[in-house]
Amino acid sequence: MIESRITSKGQTTIPKAVREALAAQPGDRLRYTILDGEVRIRTVRPLQQLYGVLKYEGPPVSLDDMDRAIAEGASGD
């Protein structure tokens, strides 16, 4: 179990093992979710960091092609 202490100003140091598990770096933002008396901590990733995450090896696709594929998927065709 990992613990840290809260200062009189409500601050705490996030233990190294937790920072590593979150892949958190200095300057990163954290998001806290409270649910049923428990708190989940996640790093907030800017959209720019997601660039290139999904790989596509095919030819370029036009916006019309994308719209058509979405419409076909929505209609179940």
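Above: the structure in question.
The present account deals with the structure reproduced in this document. (Residues numbered from 1 in each chain as written. Predicted model: local features only at pLDDT ≥ 70, side-chain atom pairs only at ≥ 80, totals over all residues. Heavy atoms only, no water.)

Bringing the pattern of salt bridges into the picture now. As enumerated under the stated definition, the model contains two salt bridges in all. Linking Glu-20 and Lys-16 is a salt bridge whose minimum nitrogen-to-oxygen distance equals 3.9 Å. Of this pair, Glu-20 and Lys-16 both sit in helix H1 (residues 16-22), four residues apart, which is roughly one turn of the helix. The class for Lys-16 is exposed, based on a relative accessible area of 54%. (Salt bridge = Lys/Arg side-chain N within 4 Å of Asp/Glu carboxyl O. Helix = DSSP H or I, 4+ residues; strand = E, 2+ residues; numbered from the N terminus. Buried < 20%, exposed > 50% of the residue type's maximum accessible area, 1.4 Å probe, protein only.)

Moving on, we get to a nonpolar patch on the surface. A cluster of nonpolar side chains, contributed by Tyr-56, Val-61, Leu-63, Met-66 and Ile-70, occupies part of the molecular surface with about 550 Å² of accessible area. With respect to the helices, strands and loops of the structure, Met-66 is situated in helix H2 (residues 63-75). Judged by its relative accessible area of 40%, Met-66 falls in the partly exposed class. (Patch = residues over 30% accessible without salt bridge, like charges linked within 9 Å, V, L, I, M, F, W, Y side chains within 5 Å. Areas by Shrake-Rupley, 256 points an atom, 1.4 Å probe, with all protein chains shown as cover.)

All we've got here are geometric facts, nothing functional implied.
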